Amino acid sequence: MRGIRARLIIHFGFILLLIVLVLEGLFYWAVHTYYFGTATETLVTRATTFTTFINKYAGTYGLKEKARYILENVSNGETAKVEVLDTGGKVLLNSYGFQTAEVIDTPDLKEALTNTTGIYVGKSPQTPERVIAVSNRLTYLGETVGVLRYTISAEPLYAAVYKIAMYGAGVGAVVVLFAFGLSLVTAKRMVDPILELTRAATQMATGNFSVRAAKRYDDEVGTLAETFNYMAEEIGKNEKLKNDFISSVSHELRTPLTSIKGWGETLLSGGLNDPEETRLGLEVIAKETDRLIGLVEELLDFSKFQSGELKLSRERLDLRDVLEDVRVQFAVRSHDKGVGLQVVVPDAPLPVTGDVNRLKQVFVNLLDNAFKFTPSGGTITVTAEETGRWAVIAVTDTGEGIDPEDLPHITEKFFKGRSKQAGSGLGLSICQEIVQLHGGHFHVDSRLGSGTTVTVELPLTTK
Ligand code: ADP
């Protein structure tokens, strides 16, 4: 048996059929008991009352006289056949007035002879019909001399019970059919969303990540559809990230490579005769190679962050020293570009437990961005201060600023906003990761046209 639908229908149908059959059986038994019980009880009452009457008022008559007396006194409206038998079961007289040579040996007779009311429900030995018979003993001076037997046909009862049972079976059949239909509908409601989900998954397997599974009902399968859609969304995002990565990296690789190749060819064709030009060319080649190395390092860092492999080698350090190193590193660039660089640190040390090189990388990156986006004549200020248990470092520039629409995405991987400047778009995202690995916070604030402030908060080491 295959498929949830078939299994459901068969299991459901089987259980229901069983329940209906058991209920039908109980119903039949109850109806049968009620009908036959009532009829037997009525007959017993009539027969016993009459026998008591006879035994009382004709107690001194012999059996033959009794029989005559009985015939005279049996009520006009009596529907049962009344018979007088001797103790051997021979019929002396019946209410139709005939004497037959019949001998009756049904169990009710034997019971009556032992002084209890004998009841028999079953086939009549004389006729093919089923009967209910009630027998009581007749006495003569206290001695048992015969039996008074009442008999009615049980056929109408059987017919009535059969008719009711047939009605019951009809209702049962309707219930089973209805349940079958219901299980068909239920199975369809359960299976259809799963089929839809399977179709969506198959489409996804062929690379179409824009498909979404419809959530039909608010149940387990609905939740599965939601989770599935969430998964599709995440895979789609990762796919986009991968594509962004490839296009961003190939672009970033091509620019310096083109310039290196260009200068290489220029120098070769000139035969290295012009020392000035040769120097200029080699400088460009060295600078572009640095850029390539920087890019490759960023990519390596990025992949380490992605796989959670990056480990910090922590030590206790003074943040002021780190900032001083960075200031020295950017002094020449500040002078060359005509952008002022101010580093304001407190007199007291700013003790932090962290990775010197990684923290330096963060500030180098922030200053690199600040210089990149600040035109000549602007200023870049780095301030560091102690605020409660935190060291707060802010890098503020008076540069072009960031579009408010871009601001929330600025720390995303490969995001470069509207900037035409070179870069992989990984810098800020790596900075944020490093700061967070140190247990700190990273925040970018900017106003388009007037400048940007990047704030880094690192936990101070107090002990
Ligand atoms: P990249 O390595 O390409 O510079 P970043 O992650 O460091 O990438 O920066 C992402 C983008 O954020 C930059 O392309 C630029 O658009 C914007 N940005 C970052 N810092 C500044 C800043 N100080 N002023 C203006 N824009 C900035």
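Residues numbered from 1 in each chain as written. Predicted model: local features only at pLDDT ≥ 70, side-chain atom pairs only at ≥ 80, totals over all residues. Heavy atoms only, no water.

### Notes on the overall build of the chain
Filter applied, for reference: Here a strand is any run of E in DSSP of at least two residues, a helix any run of H or I of at least four, and the numbering for each starts at the N terminus. C-alpha atoms define the radius of gyration in this analysis, and the globule rule sets the expected value at 2.2 Å times the number of residues to the power 0.38. Residue exposure (1.4 Å probe, protein chains only): buried if accessible area is under 20% of the type maximum, exposed if over 50%, otherwise partly exposed. We call two residues in contact when some of their heavy atoms are within 4.5 Å. For the accessible areas, the method is Shrake-Rupley and the probe is 1.4 Å, while residue cover comes only from the protein chains on display. Just so you know, the count uses Lys and Arg for positive and Asp and Glu for negative, and it drops His and the chain ends. Where a charge lies is defined by one atom per residue type: Lys uses NZ, Arg uses CZ, Asp uses CG and Glu uses CD.
Tallying secondary structure elements over the chain gives nine helices and twelve strands in all. Compactness check: the chain gives a C-alpha radius of gyration of 54 Å against a globular reference of 23 Å for 463 residues, more than 25% above the reference. Dimensions of the chain along its principal axes, counting C-alpha atoms only, are 160 × 60 × 35 Å. With 463 residues in all, the chain has 35% of them scored as buried. Put simply, of all contacts in the chain between residues at least 6 apart along the chain, 64% involve residues at least 24 apart. Accessible surface, the chain: about 26,800 Å² in total, of which carbon and sulfur atoms supply 60%. Here the chain contributes 48 positively and 56 negatively charged side chains, and the mean placements of these two sets differ by 9 Å.

### Some words on the packing of helix α5 (residues 220-270) against helix α6 (residues 275-307)
Helices that pack against each other are described as a pair by the angle of their axes relative to one another and the distance between those axes. The criterion, for reference: In this analysis, axes come from line fits to C-alpha atoms, helices being fitted only over the stretch in contact, and the angle between any two N-to-C directions falls in the range 0 to 180 degrees. Working rule for angles: under 35 degrees goes down as roughly parallel, over 145 as roughly antiparallel, 65 to 115 as roughly perpendicular, anything else as oblique. Put simply, a crossing is left-handed when the front helix is turned counterclockwise from the back one by less than a right angle, and right-handed when it is turned clockwise.
Axis separation between α5 and α6 bottoms out at 9 Å; the angle between their running directions is 160°. As judged from the angle between their axes, α5 and α6 are roughly antiparallel. The two elements α5 and α6 meet at a crossing, and its hand is left-handed.

### Description of the nonpolar core
Note the threshold: Among the buried residues, those of types Ala, Val, Leu, Ile, Met, Phe, Trp, Tyr and Cys that are joined through side-chain atoms within 4.5 Å form a nonpolar core.
If you look at the biggest cluster of nonpolar residues, it comprises 45 residues, and the most contacted ones within it are Leu 319, Phe 363, Leu 366, Ile 393 and Phe 442. When contributions to this core are tallied by element, the ones reaching two or more residues are α6, α7 (319-337), α8 (356-373), β9 (379-387), β10 (390-397), α9 (427-437), β11 (441-447) and β12 (451-459). The leading source of residues in this core is α8, at seven residues. Discounting residues that sit within four places of it in the chain, Ile 393 has contacts with Leu 319, Leu 323, Phe 363, Val 382, Thr 383, Ala 384, Val 454, Thr 455, Val 456 and Leu 458. Counting residues in each nonpolar core, the second largest holds 28 residues, with Tyr 69, Val 134, Leu 138 and Val 161 among its members.

### Concerning the site of the ligand
Stated precisely, the cut-off is as follows: We define proximity as follows: a residue is near a molecule or strand when any one of its heavy atoms falls within 4 Å of that partner. Any pair of N or O atoms that falls within 3.5 Å is considered a polar contact. Within protein, one atom must be able to donate a hydrogen and the other to accept it, and sequence-neighbouring residues count only if both atoms are side-chain atoms.
Taken together, 18 residues sit near the ligand, with Asn 369, Asp 397, Lys 416, Gly 425 and Leu 428 positioned nearest. Taking Asp 397, its side chain carries an N or O atom lying 2.9 Å from a nitrogen atom of the ligand. In this structure, Gly 427 approaches the ligand through a main-chain N or O atom, which is 3.4 Å from an oxygen atom. For the ligand, the protein covers 95% of the area, taking 540 Å² as the surface of the free molecule.

### A few points about the sheet that holds strand β2 (residues 91-94)
Our working rule: Here, strands pair whenever DSSP counts at least two bridges between them.
Sheet architecture is open: five strands sit in the order β2-β1-β5-β4-β3, paired in antiparallel fashion. A single partner strand is all that each edge strand has here, and the edge strands are β2 and β3 (118-123). Direction aside, the axes of adjacent strands within the sheet are offset by 25° on average. The pairing of strand β4 (residues 130-140) with strand β5 (residues 143-153) spans ten bridges and is antiparallel. Across the sheet, residue Arg 137 finds its bridge partner in β5, namely Val 147. In the packing of helix α1 (residues 4-57) onto the sheet, contacts are made with β3, β4 and β5, and the angle to β4 comes to roughly 20°.

### Here we look at the sheet that holds β11
Pairing between sheet strands relies on hydrogen bonds along the backbone, with the strands arranged either parallel or antiparallel. Spatially, five strands are ordered β7-β9-β10-β12-β11 in an open sheet, and the strand pairing comes out mixed. Of all the strands in the sheet, just β7 (340-344) and β11 have a single pairing partner and so form its edges. Taken over all neighbouring pairs, the strand axes of this sheet differ in orientation by 10° on average, direction set aside. Sheet topology note: the β10/β12 ladder contains eight bridges and is antiparallel.

### With respect to the UniProt feature "transmembrane region" (unreviewed entry) in the chain
Condition: UniProt positions are given in the numbering used here, feature names are shortened, and annotations may be inferred rather than shown by experiment.
Mapped onto this structure's residue numbering, the UniProt feature "transmembrane region" (unreviewed entry) falls at residues 12-31 and 164-185. The span residues 12-31 is 100% helical and 0% strand by assignment, and the distance between its end C-alpha atoms comes to 28 Å. Secondary structure across residues 164-185 comprises 100% helix and 0% strand; the distance between its end C-alpha atoms is 32 Å.

### Remarks on α8
Going by this rule: To estimate how far a helix should reach, multiply one less than its number of residues by 1.5 Å.
Helix length check: α8 (18 residues) gives 26 Å between terminal C-alpha atoms against 26 Å at 1.5 Å per residue, within 8%. Listed as buried for α8 are Arg 358, Leu 359, Val 362, Phe 363, Asn 365, Leu 366, Leu 367, Asn 369, Ala 370 and Phe 371.

### A few points about the packing of aromatic side chains
Note the threshold: Between rings of Phe, Tyr and Trp, where Trp is taken as its six-membered ring, a pair exists when centres lie within 6.5 Å; planes separated by under 30 degrees are stacked, by over 60 edge-to-face, and by other angles tilted. Criterion for a charge above a ring: Lys NZ or Arg CZ within 6 Å of the ring centre, and within 35 degrees of the ring normal.
Going through the model one piece at a time under the given rule, you end up with seven aromatic pairs. Ring geometry for Tyr 61 against Tyr 69: centres 5.6 Å apart, planes inclined by 85°, an arrangement best described as edge-to-face. For Tyr 61, a relative accessible area of 30% puts it in the partly exposed group. Take Tyr 69: its relative accessible area is 19%, and that puts it in the buried class. One aromatic cluster is present, built from ring pairs that chain together Phe 50, Phe 53, Tyr 57 and Tyr 150. When the ring centre of Tyr 158 is taken as origin, the NZ or CZ atom of Arg 130, which lies over that ring, is 3.8 Å away.

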